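Coordinate inspection notes
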Amino acid sequence: MNPFHVRGKMNPKSAVASGMLTMVLLGGCPNPSRSQLQEQPEQPAAPVMKSTPAALSSAPAPGKPVTEGRLIDSGLIIETFATRFGKKDLKQVPSEVIDTGIFRSVPYLTYETSRGELNIYGDPQHPAGAEIGIYAGKASTKEELRNLMAGLLQQAADRDLVHSLSLDEDKLERAGLTFEVTPPTSDESYGGWWISIYDAAAINRARASDAELKTIAVEAPEQKNEPPAEPKKPPRKGKKPDTSDRVYIPDYSREEGTYVRPPL
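Residues numbered from 1 in each chain as written. Predicted model: local features only at pLDDT ≥ 70, side-chain atom pairs only at ≥ 80, totals over all residues. Heavy atoms only, no water.

Right, let's talk about the packing of helix H4 (residues 139-151) against helix H5 (residues 156-163) for a bit. At a closest axis distance of 9 Å, the pairing of H4 and H5 adopts a crossing angle of 165 degrees. In terms of axis orientation, H4 runs roughly antiparallel to H5. The way H4 lies across H5 gives a crossing that is right-handed. Contacts from Arg 146, Asn 147, Met 149 and Ala 150 of H4 reach H5 at Arg 159, Val 162 and His 163. Looking at the contact of H4 with H5 residue by residue, the class counts come to three nonpolar, two polar and two charged. (Axes fitted to C-alpha atoms, helices over the stretch in contact; angles between N-to-C directions. Helix = DSSP H or I, 4+ residues; strand = E, 2+ residues; numbered from the N terminus. Parallel < 35°, antiparallel > 145°, perpendicular 65-115°, else oblique. Left-handed = near helix turned anticlockwise from the far one by under 90°. Contact = heavy atoms within 4.5 Å. Nonpolar A, V, L, I, M, F, W, Y, C, P; charged D, E, K, R; others polar.)

In structure tokens, the structure reads:
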């Protein structure tokens, strides 16, 4: 059995269905009877209770990443990426364990099409960040990716900030979120061009411990000796000498702050 074949997990269509709002129709109130409309004896006014109105805030629940309420949910991210960059050839692929940089030891899910790659970092139900990249492409493709990333955001101010990012290299911050463009020349890009949105504090909290990595990371499958149809992309990690490549299992989850395998 292929360990990376996912059954009933993060399917884009079903994921989107889970993220859509369901409308609830409320029944109307019954009309009062004529007797109820008759003049009623005046009642003493209830004492006025002093209270402070609750402040309106879009802040996430305690312990949740700032991305909540600002990025759309994971299922819709996958569906949007697939719709814009190749739904027919969308596939989930093994995610290499990254050994350096901001995403070091952060579990993530990877989806690929012939045009680009999507990574969703941390708990799939409460992602700490999302990233889209290409290994070859014109400036127009990068601009298209920037527009796609802006479309994943729910707040106009966040979308405006993404549109202001330089396509060459840039890093901006707003209200706890980091918006970053990483060029192919960066040590952390490994040959790709990436646009990322993440909560840096949540990314730090999302790092897997050594014990968790033993549970949710496995040795990468061997590559077949077939000539590739297109140039092989560089690895997304800092490779250490004499160590085997590791990838995250595709259906990990996080329960009560701990990364776990799915039950057998």
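Having seen it, we continue.
With that settled, consider the packing of aromatic side chains. Tallying each qualifying case throughout the model produces eight aromatic pairs. When the centroid spacing of 5.9 Å and the interplanar angle of 70 degrees are considered together, the rings of Tyr 108 and Tyr 248 count as edge-to-face. Here Tyr 248 lies in strand E10 (residues 246-248) and Tyr 108 lies in strand E3 (residues 108-112), a separation of 140 residues in the sequence. Given a relative accessible area of 1%, Tyr 248 falls into the buried group. Ring geometry for Tyr 248 and Tyr 252: centres 6.5 Å apart, planes at 55 degrees, overall tilted. Of the two residues examined, Tyr 248 and Tyr 252, each falls in the buried class. The lysine or arginine in question, Arg 115, covers the ring of Phe 85, its NZ or CZ lying 4.4 Å from the ring centre. (Phe/Tyr/Trp six-rings, centres within 6.5 Å; stacked < 30°, edge-to-face > 60°. Buried < 20%, exposed > 50% of the residue type's maximum accessible area, 1.4 Å probe, protein only. Lys NZ or Arg CZ within 6 Å of the ring centre and 35° of its normal.)

Right, let's talk about H5 for a bit. Within the span of H5, buried status applies to Asp 158, Leu 161 and Val 162. Along H5, the residues classed as buried sweep out an arc of 100 degrees about the axis, all on the same side. Looking at the packing, one finds that the buried side of H5 touches H4, strand E6 (170-174), strand E7 (177-182) and strand E8 (193-198). (Arc of directions from axis to C-beta.)

On to the pairing of E8. Across the six residues that make up E8, a large majority, six, are buried. Of the two faces of E8, the one holding Trp 193, Ile 195 and Ile 197 and the one holding Trp 194, Ser 196 and Tyr 198 are both buried throughout. Note: strand E5 (residues 129-134) against E8, six bridges, orientation antiparallel. Directly across from Ala 130, in E8, lies its bridge partner Ile 197. Note that E7 and E8 share five bridges and pair antiparallel. What sits directly across from Phe 179, in E8, is Ile 197. (Pairing = 2+ DSSP bridges.)

A few words now on the confidence of the model for the protein. Per-residue confidence for the protein gives a mean pLDDT of 77; residues scoring 70 or more make up 68%. At the low end of the mean pLDDT range in the protein sits helix H2 (residues 34-37), at 32; at the high end sits H5, at 98. Long-range and interchain partners of residues 1-57, a stretch whose pLDDT sits below 50, account for 28 contacts in this model, where long-range means more than four residues apart. Low pLDDT (under 50) marks residues 237-244, which in the prediction has twelve contacts with non-local residues, meaning those over four places away or in another chain. (pLDDT = per-residue confidence, 0-100.)

Moving on, we come to the side chain of Arg 146. One can find Arg 146 in helix H4. In this structure, Arg 146 is in contact with Val 162, His 163, Leu 165, Leu 167 and Ile 195, ignoring residues within four places of it in sequence.

Let us look at the sheet that holds E8. An order of E1-E3-E4-E5-E8-E7-E6 is seen for the seven strands of this open sheet, with the pairing classed as antiparallel. In this open sheet, the two strands that pair with only one neighbour each are strand E1 (91-93) and E6. Taken pair by pair, the neighbouring strands of this sheet meet at an average axis angle of 15 degrees, ignoring direction. Note: strand E4 (residues 117-121) against E5, five bridges, orientation antiparallel.

An ideal rise of 1.5 Å per residue puts 16 Å on twelve residues; helix H3 (residues 74-85) measures up with 16 Å between its terminal C-alpha atoms. Where H3 begins, the side chain of Asp 73 points an oxygen toward the backbone nitrogen of Gly 75, at a separation of 3.1 Å. Phi turns positive, to about 115 degrees, at Gly 86, one or two residues after H3. (Expected span 1.5 Å × (residues − 1). Polar contact = N/O pair within 3.5 Å; in protein donor to acceptor, adjacent residues only side chain to side chain.)

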